[in-house]
Amino acid sequence: MTVDLTPMFERLEHWLAAHAPRIHAELEAGASDADLDALEVATGHRLPAAYRALYRRHQDWGQTFPLDHVPLGHVLHEWLVWQQLEAEFQETQGHTSHPAGAITPQYINLGWIPFLKDWGGNSVGIDLAPGPGGVSGQVITFGRDERDKYVLASSLEDFLQEYLRRLETGRVTSSLSDEPPGQAEHLALHDASGQPVDTYRTLADLFPGFRASPRR
């Protein structure tokens, strides 16, 4: 049964309007079903309902999360880059899954569809080709530097619920940077000690306490 994520999105937008108005002001209009259908055709993967709902609400959520949201128009571009590299890089050695068996331990998997990125070749995305111990649609870390891959949530719904819970309970810090063309707002989740996490060795460090995220 499909879960209606509208109340969750409304709560998230309300929080942004109250606590991160610059981010809220930059939210973009939602994507069309036709655009999402085209992404499915191009990748050969049926997108989970929650992924479609996220992009139908806003095709670009900007800085809403600790990483940049990938606009829908760029998702296919990111996927095609990996597709072009797949034949050359069939690398499996040295790649690990946390928890073990949940994520296929390889460098490139065309079942990984991004929705967040760090601009360094690394992403948080949905896993539509999981390992034997995983579930389709789980939220994982992957990318150029992500040899240790982590499950952050069993589904995008669970990921969004946990993220919103952190925001609404005050376990987040908002800060401004002076990067051009103007001040940009950035959110950092708190670790177990209550400190904001703004540096990382793996992307999962930015999501402390999420499913299999490492303890630092």
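For clarity, every value in this text was computed on a predicted model and none was experimentally measured. (Residues numbered from 1 in each chain as written. Predicted model: local features only at pLDDT ≥ 70, side-chain atom pairs only at ≥ 80, totals over all residues. Heavy atoms only, no water.)

Caption draft 1: Spatial organisation of the overall build of the protein chain. A tally of regular secondary structure across the protein chain gives six helices and eight strands. Shown N-terminal to C-terminal, the secondary structure of the protein chain runs as helices and strands in the order α-α-α-α-β-α-β-β-β-β-β-α-β-β. Taken against the 2.2 N^0.38 rule, which gives 17 Å for 216 residues, the C-alpha radius of gyration of the protein chain at 17 Å falls within 12% of a compact globule. Taking the principal axes of the C-alpha coordinates as reference, the protein chain spans close to 45 × 40 × 40 Å. Looking at the protein chain as a whole, 49% of its 216 residues qualify as buried. For the protein chain, the share of sequence-separated contacts (at least 6 apart) that also reach a separation of at least 24 residues comes to 57%. Charge separation in the protein chain, taken as the distance between the mean sites of 17 positive and 30 negative side-chain charges, equals 6 Å. (Helix = DSSP H or I, 4+ residues; strand = E, 2+ residues; numbered from the N terminus. Rg over C-alpha atoms; globule rule 2.2 N^0.38 Å. Buried < 20%, exposed > 50% of the residue type's maximum accessible area, 1.4 Å probe, protein only. Contact = heavy atoms within 4.5 Å. Lys, Arg positive; Asp, Glu negative; His and termini not counted. Charge placed at Lys NZ, Arg CZ, Asp CG, Glu CD.)

Caption draft 2: View of the side chain of H190. Mapped onto the secondary structure, H190 falls in the segment after β8 (184–189). Separated by 3.4 Å, the side chain of H190 and the backbone oxygen of V172 make a polar contact. (Polar contact = N/O pair within 3.5 Å; in protein donor to acceptor, adjacent residues only side chain to side chain.)

Caption draft 3: Structural context of the pattern of salt bridges. Under the counting rule described, the total for this entry stands at 10 salt bridges. Salt-bridge contacts for R52 lead to E40; the nearest nitrogen and oxygen are separated by 3.3 Å. Placement of R52 in helix α4 (residues 49–57) and of E40 in helix α3 (residues 33–43) is noted, with a sequence separation of 12 residues between them. The class of R52 is buried, set by a relative accessible area of 12%. A salt bridge links R144 to D145, with the nearest nitrogen and oxygen atoms 3.6 Å apart. According to the relative accessible area criterion, D145 is partly exposed, its value standing at 45%. (Salt bridge = Lys/Arg side-chain N within 4 Å of Asp/Glu carboxyl O.)

Honestly, that's just the spatial picture; any functional story needs more than this.
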